[in-house]
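Understanding the architecture of this molecule
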Amino acid sequence: MLIISFEGIDGSGKTTIAKLIFERMMKIIGNRKKVLLTQEPFTKEISSLIEKLGWKDPIALTLLFSADRAFHINWILKEGYDVILMDRYIHSTIAYQSVLGVDEEWIRLVNSNFPKPDIVILLDIRPETALERLRGKIDRFNFSEKLSSLSKVREKYLELSRKERNFKVINAERELNEVEEEVWNIIYSYLDS
Ligand code: TMP
């Protein structure tokens, strides 16, 4: 089983890139390997609970995202996939919830039963560019608050990438096809190993 996670701040383009990589992969190994493209949060129930509770308590958020992950992983393991493309995974909780003050080691402990990703594709982008892409989805009132929180999340992701060897940092400010090509080349080298 090969687990590839796509990480990055909101607006980094990871959902688009993960989809393009999935389509490419299906063409190449889809006839002999079971490939999954999936996304976290996974369960509708936990996502709507998080929305309903208003994203307030960072400890509760950590537990909810991790509980969602437990259901997700259980389901994946039961289905027996060979390659799993995860649009967000454990490092999203580490990055987003630790900047809200939750202890990183505790987040890792809560997530310690889940399989580790083999490759973490970090789509790195300046929060200004990301928010520009998300214009319309974020109201002006929220803009500066969002900019400062995404800056902290980005720094945390970059810090993780310096500590963990399986991180691949991709400059996501470029044209989509350039980003896709670089990500594809990295992933392709893992496919038959
Ligand atoms: P997305 O559609 O950009 O992936 O949005 C999901 C949001 O949920 C994003 O703002 C990040 C947040 N999130 C966390 O804070 N912690 C987590 O563990 C996960 C999976 C997502």
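See above for the structure.
Below, the structure is looked at part by part. Just so it is clear, the model here is predicted, and its values are computed rather than measured.

Considering the packing of helix H1 (residues 14–29) against helix H8 (residues 176–191)
- Axis separation between H1 and H8 bottoms out at 10 Å; the angle between their running directions is 45°. With respect to H8, the axis of H1 lies oblique. By crossing handedness, the relation of H1 to H8 is classed as right-handed. For the pair formed by H1 and H8, the contact residues are Thr16, Ile17, Leu20, Ile21, Arg24, Met25, Ile28 and Ile29 on the first element and Leu176, Val179, Glu180, Glu181, Val183, Trp184, Ile187, Tyr188 and Leu191 on the second.
- Its residues assigned to classes, the contact of H1 with H8 shows 13 nonpolar, one polar and three charged.

Remarks on the pairing of strand E4 (residues 119–124)
- Extensive coverage of E4 is indicated by the burial of six of its six residues.
- Of the two faces of E4, the one carrying Ile119, Ile121 and Leu123 and the one carrying Val120, Leu122 and Asp124 are both buried.
- The pairing of strand E1 (residues 2–7) with E4 spans four bridges and is classified as parallel. Residue pairing in the sheet places Phe6 in a bridge with Ile121 of E4.

What to know about the sheet that holds strand E2 (residues 35–39)
- Read from one edge to the other, the open sheet built from five strands follows the order E2-E3-E1-E4-E5, with strand pairing classed as parallel. The strands lining the two open edges of the sheet, one partner per strand, are E2 and strand E5 (167–171). The average undirected angle you get between the axes of adjacent strands in this sheet is 20°.
- Pairing between E4 and E5: five bridges, direction parallel. Bridged to Asp124 within E5 is Asn171.
- Each of E1, E2, strand E3 (83–87) and E4 touches H1; the most contacted strand, E2, lies at about 170° to it.
- Its contacts with the sheet place H8 against E1, E4 and E5, and it is angled at close to 160° to E5.

Thresholds, definitions, all that
Residues numbered from 1 in each chain as written. Predicted model: local features only at pLDDT ≥ 70, side-chain atom pairs only at ≥ 80, totals over all residues. Heavy atoms only, no water. Axes fitted to C-alpha atoms, helices over the stretch in contact; angles between N-to-C directions. Helix = DSSP H or I, 4+ residues; strand = E, 2+ residues; numbered from the N terminus. Parallel < 35°, antiparallel > 145°, perpendicular 65-115°, else oblique. Left-handed = near helix turned anticlockwise from the far one by under 90°. Contact = heavy atoms within 4.5 Å. Nonpolar A, V, L, I, M, F, W, Y, C, P; charged D, E, K, R; others polar. Buried < 20%, exposed > 50% of the residue type's maximum accessible area, 1.4 Å probe, protein only. Pairing = 2+ DSSP bridges.

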